[in-house]
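# Summary of structural features
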Amino acid sequence: MSEQDSEPVLDVDFFRRWLTTAAASMEREADHLTQLDSAIGDADHGSNLQRGFRAVTGALEKEPPATPGATLVLAGRQLISTVGGASGPLYGTLLRRTGKALGDSAEVTPAQLAEALGAGVAAVAQLGGAKAGDKTMIDALEPAVAALATSFAAASAAAEEGAVATVPLQARKGRASYLGERSIGHQDPGATSSALLIAALAATAGE
Ligand SMILES: [Mg+2]
C-alpha cells in the first residue's frame, strides 16, 4: 500500500491520549467555563467537568481498557457517576454511546469514528430533547460530526464556530432557557466545552 493510500488508524492509545488531552483542556479552561455558566446557569460547569475528567484519567490509568470502544465507555461511565446536574449524563451518554458504536475493534478508521460519534451526538440530542439552534452542546457537536468527513481540523473549527454562534441565540433547552431573552448575548458553556473536546481530538491527531 502506498503512503497516500494509507488512512490513519486510531488505536486504543489514540483514544487514551484524546481523553487525557481533553482532561488537560478542562483543567485549563475550568475558570472560563464556570464564568460562562455563571452568566446563564449555576456557575458549576468548569468545576463539574474538571472533576469528571480527573475521574476519567484516573480510571484509564487504573484499569486501562483494551479497545477504543471500551475506552470511551469507561470514560462515559466515570462522567455519569462523578458529574451531577445535566452535563454528567449528557457527556456520559455522548462517550458511552460513541464507544458502544465502535464495538470491539482494536483499531478504527476516522470514518468509523465519525459514524460512531454521530450516533453519540444523536443520543445526546434525544436525551436532552435538543436540536441545533437551542443553544446547547448540540450546536457545537452536530457541525463537528458533519465536518469530520473532511478532517479532524475541520471538525474542530466547525465546533468552535458552532460554540461562538450560540452567543446571539435564546436558550430553548437546559437551565439557561429559564432566563428567556436574558440568555441572549452569552456563549453557551456546554457548546464551549464540547468544542474543547473536539479540539482535543484534532490535537491528538496532530492537526
Ligand atoms: Mg451548571
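Below or above, wherever it landed, is the structure these notes cover. Sequence positions are assigned chain by chain, starting from 1 and proceeding in written order. Given that this is a predicted model, residues contribute local features only at a pLDDT of at least 70 and side-chain atom pairs are listed and counted only at 80 or more, while totals for whole chains, interfaces and linings are drawn from all residues. Here the side-chain values reflect all heavy atoms present in the structure, with hydrogen atoms and water set aside.

Moving on, we get to the coordination of the magnesium ion. Of the protein atoms, only Asp37 (OD), Asp42 (OD) and Asp44 (OD) coordinate the magnesium ion, at distances of 2.0 to 2.4 Å. Each metal's donors comprise the N, O and S atoms found within 2.8 Å of it (within 3.2 Å for Na, K or Ca). Water is not part of the atom list, so some coordination spheres may appear incomplete. Within one chain, the residues donating to the magnesium ion are spaced in sequence as D-x4-D-x1-D. The rule is simple: take the accessible area with a 1.4 Å probe, protein chains only, and divide by the maximum for that residue type; under 20% is buried, over 50% is exposed, in between is partly exposed. Overall, the relative accessible area of 8% leaves aspartate 37 in the buried class.

Over its 13 residues, helix H7 (residues 152-164) runs 19 Å from end to end, which matches the ideal 18 Å to within 8%, given 1.5 Å per residue. Those residues of H7 that sit buried are Phe152, Ala155, Ser156, Ala158, Ala159, Gly162 and Ala163. In an axial view of H7, the angular spread of the buried residues amounts to 165 degrees, which keeps them on one side of the axis. In what follows, residue pairs with any heavy atoms lying within 4.5 Å of each other are defined as contacts. A run of H or I in DSSP counts as a helix once it spans at least four residues, and a run of E counts as a strand once it spans at least two, with each numbered from the N terminus. Those residues of H7 that are buried are in contact with strand E1 (10-11), helix H1 (12-40), helix H5 (110-128), helix H6 (138-147) and helix H8 (189-204). A helix is expected to span 1.5 Å for every residue after the first. This arc is built from the directions going out from the helix axis to the C-beta atoms.

The salt bridge criterion pairs a side-chain nitrogen of Lys or Arg with a carboxyl oxygen of Asp or Glu, the two atoms within 4 Å. Taken as a whole, this structure holds 7 salt bridges when the rule is applied. A salt bridge links arginine 172 to aspartate 134, with the nearest nitrogen and oxygen atoms 2.8 Å apart. Pair noted here: arginine 172 is in the loop between H7 and H8 and aspartate 134 is in the loop between H5 and H6, with a separation of 38 residues, a long-range link. The buried category is assigned to aspartate 134, whose relative accessible area is 2%. Counted as one network, the salt bridges with shared partners bring together Asp13, Arg16 and Arg17.

In this section: the packing of aromatic side chains. Pairs were defined over the aromatic rings of Phe, Tyr and Trp, the Trp ring being its six-membered one, requiring ring centres within 6.5 Å. Orientation was assigned from the angle between planes: stacked under 30 degrees, edge-to-face over 60, tilted for the rest. Counted under the stated rule, the structure contains 3 aromatic pairs. Where phenylalanine 14 meets phenylalanine 152, the ring centres are 6.2 Å apart and the plane angle is 35 degrees; that geometry is what we call tilted. On the criterion of sequence distance, the pair formed by phenylalanine 14 in helix H1 and phenylalanine 152 in helix H7 is long-range, its members being 138 residues apart. Taking relative accessible area as the criterion, phenylalanine 152 reaches 6% and is therefore assigned buried. An aromatic cluster is built from Phe14, Phe15, Trp18 and Phe152, whose rings are joined through pairwise contacts.

Let us now look at the packing of H1 against helix H3 (residues 68-82). As a packed pair, H1 and H3 sit with axes 8 Å apart at the nearest point and diverge in direction by 25 degrees. With respect to H3, the axis of H1 lies roughly parallel. Crossing hand, H1 versus H3: right-handed. Residue-level contacts link Val12, Phe15, Arg16, Trp18 and Leu19 of H1 to Pro68, Thr71, Leu72 and Ala75 of H3. Broken down by class, the residue content of the contact of H1 with H3 amounts to 7 nonpolar, 1 polar and 1 charged. Here the axes come from fitting lines to C-alpha atoms, over the contacting stretch only for helices, and the angles between their N-to-C directions go from 0 to 180 degrees. Angular relationships are summarised with four words: roughly parallel below 35 degrees, roughly antiparallel beyond 145, roughly perpendicular across 65 to 115, and oblique for the angles in between. A clockwise turn of the near helix away from the far one marks a right-handed crossing, whereas an anticlockwise turn of less than a right angle marks a left-handed crossing. Three classes are used: nonpolar for Ala, Val, Leu, Ile, Met, Phe, Trp, Tyr, Cys and Pro, charged for Asp, Glu, Lys and Arg, and polar for all others, with Gly counted as polar.

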